[in-house]
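As a plain string of letters, each chain reads:
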There are 2 protein chains.
Amino acid sequence: MIENEYSPLRKFVAGFVNVTDEEWRLHEAVLRRRNLKKGEWIIKQGQICEYVSFINYGCFRIYNIVKEEEVTTDFRFEGHYITDYRSFLTQQPSTEYIIALEDAEVIELHYNDMQTLYEKVPSWQKYGRLIAEFLYIKVTERAQSLLFDSPEELYTRLMKERPKVIENMPQRYIASYLGIQPESLSRIRKRMMTQDGRDV
Amino acid sequence: MIENEYSPLRKFVAGFVNVTDEEWRLHEAVLRRRNLKKGEWIIKQGQICEYVSFINYGCFRIYNIVKEEEVTTDFRFEGHYITDYRSFLTQQPSTEYIIALEDAEVIELHYNDMQTLYEKVPSWQKYGRLIAEFLYIKVTERAQSLLFDSPEELYTRLMKERPKVIENMPQRYIASYLGIQPESLSRIRKRMMTQDGRDV
């Protein structure tokens, strides 16, 4: 296996399915590298998402604009896909914005090439199924969490499951992601630190 | 094609992929029919969802219990699957309750048989992918709608996209599904009827 700019993606795929060298060759042939500057959008509301993008380096924020206010709905870091998968699957306009929070490099695969891979490469059907199932589980858990968890529970879960978000993102984005005001997030953090102190 | 109790499911599957008679025979061999009485649960919180179930007749309500209160999260009618797919996929305990709102008949497929079908039947991988993608799109749209739409917009969307829910479900379940109080739902319905009258 030759190490190149597509190797991180190959490792990611190998976490889901076995891919032969021949199968990977077919995949690699339709990939392309794209570099983004900090503040550049991968997609904006109203555009159709034509590519799935895998992050080689950099990080991204996903947000919607609701009543002229930005609402942050997710973050993505290197080693994962960053895509409006709903828009990609339906080939309907995106409802969201995806912006690079620092200079970034992604590996892109076009919608049409994805369909060809599904027809040509049997393991690709399985990969597509496992990815869709993985995303379904994630979005279901997130929706249930937003519906049923208190702000404290949401923040505790975020700390436990996605510490990278806490470490790397500004407070205002985290608050927005949790559906609370920045002041409420400050209070929660303060309360938790005091409780930690008491427990020790 | 022989018409039997599995025919509605075969028609549903045919809406996604082409299935040969031989492939269907392999599928049918592992299906089983189950009858439920009104008020019986398909699954309860804490149980692991071992089957996907396709509704031949009857309807179901999905709910969670949050702080000792029932919160309705979805409804399902005949001709569709009714399953905690997150629990099924992960084989982890369910977080929800699924109850029959009237006498019902479902066609069940066990988790282990599903895995065997994925290995044996190539079209099954594609079917599994398309179903997972379909569910991902639905849950994403529902989550976005709950986050960004006003109660009026939620109700209008429900009327347009799922009139069966409006026609068949009690107001208190619909209100819960929309995340509002029953009194708020009454006000919204009243306001809409007045507006309709004015428009005519």
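A brief look at the structure comes next. (Residues numbered from 1 in each chain as written. Chains lettered and ligands numbered in written order. Predicted model: local features only at pLDDT ≥ 70, side-chain atom pairs only at ≥ 80, totals over all residues.)

1. Comments concerning the interface of chain A and chain B
Taken together, the 23 residues of chain A in the interface contact 23 residues of chain B. For the side of chain A that touches chain B, the secondary-structure elements that each account for two or more residues are strand S4 (60–66), helix H3 (85–90) and helix H5 (122–148) of chain A. With 16 residues, H5 of chain A is the largest single contributor of residues to the side of chain A that touches chain B. Split into classes, the residues belonging to the side of chain A that touches chain B amount to eleven nonpolar, seven polar and five charged. (Contact = placed C-beta atoms within 7 Å. Helix = DSSP H or I, 4+ residues; strand = E, 2+ residues; numbered from the N terminus. Nonpolar A, V, L, I, M, F, W, Y, C, P; charged D, E, K, R; others polar.)

2. Thoughts on the relation of the copies chain A and chain B
Rotating chain A by 180° and translating it 0.0 Å along the rotation axis places it on chain B, where the RMSD comes to 0.0 Å. What the rotation and shift describe, once combined, is the action of a two-fold rotation axis. Closest approach to the rotation axis among the C-alpha atoms of chain A is made by Arg129 of chain A, whose C-alpha sits 1.9 Å away. (Least-squares fit on C-alpha atoms with pLDDT ≥ 70 in both.)

3. Re the sheet that holds strand S1 (residues 31–36) of chain A
Adjacent strands of a sheet pair through backbone hydrogen bonds, lying either parallel or antiparallel. All names here are of chain A. Strand order in the open sheet made by the three strands is S1-S7-S3, with antiparallel pairing throughout. The strands lining the two open edges of the sheet, one partner per strand, are S1 and strand S3 (51–57). Strand after strand, the sheet turns through a mean of 30° between neighbouring axes, direction not considered. Where S1 lies against strand S7 (residues 104–110), six bridges are found, and the strand directions are antiparallel. Its bridge partner lying in S7, Arg32 is registered against Glu108. (Pairing = 2+ DSSP bridges. Axes fitted to C-alpha atoms, helices over the stretch in contact; angles between N-to-C directions.)

4. Overview of the nonpolar core
Grouped together as the largest cluster of nonpolar side chains are 78 residues, with contacts concentrated most on Tyr136 of chain A together with Tyr136 of chain B. Each of two domains, domain 1 (7–148) and domain 2 (149–200) of chain B, supplies a minimum of three residues to this core. (Core = buried A, V, L, I, M, F, W, Y, C linked by C-beta atoms within 7 Å. Buried ≥ 20, exposed ≤ 12 C-beta atoms within 10 Å, placed from the backbone. Domains from an automatic or database assignment.)

5. Here we look at the packing of H5 of chain A against helix H5 (residues 122–148) of chain B
Taken N-terminus to C-terminus, the directions of H5 of chain A and H5 of chain B make an angle of 25°; their axes are 8 Å apart at the nearest point. Taken as axis vectors, H5 of chain A and H5 of chain B run roughly parallel relative to one another. For the crossing formed where H5 of chain A meets H5 of chain B, the hand is left-handed. Classifying every residue of the contact of H5 of chain A with H5 of chain B gives twelve nonpolar, six polar and eight charged. (Parallel < 35°, antiparallel > 145°, perpendicular 65-115°, else oblique. Left-handed = near helix turned anticlockwise from the far one by under 90°.)

6. Considering the pairing of strand S4 (residues 60–66) of chain B
All names here are of chain B. Relative to strand S5 (residues 69–76), S4 is paired through seven bridges, and the arrangement is antiparallel. Directly across from Tyr63, in S5, lies its bridge partner Thr72. Bridge count for S4 against strand S6 (residues 97–100) is four bridges, and the pairing is antiparallel. The residue of S6 that forms the bridge with Arg61 is Ile99.

7. A look at helix H8 (residues 171–178) of chain B
Taken together, the buried positions of H8 of chain B are Ile174, Ala175, Ser176, Tyr177 and Leu178 of chain B. Positive backbone phi, approximately 75°, marks Gly179 of chain B, located one or two places after H8 of chain B.

8. Re the pairing of S6 of chain B
Summarising the sheet, strand S2 (residues 41–43) of chain B and S6 of chain B pair through two bridges and their orientation is antiparallel. In the sheet register, Trp41 of chain B faces S6 of chain B, and the bridge partner there is Ile99 of chain B.

9. With respect to the environment of Glu40 of chain A
All names here are of chain A. Relative to the helices and strands, Glu40 is located in the loop between S1 and strand S2 (41–43). Its 13 C-beta neighbours within 10 Å are what place Glu40 among the partly exposed residues. Taking the C-alpha atoms as reference points, Glu40 and Ala104, separated by 64 residues in sequence, lie 9.4 Å from one another.

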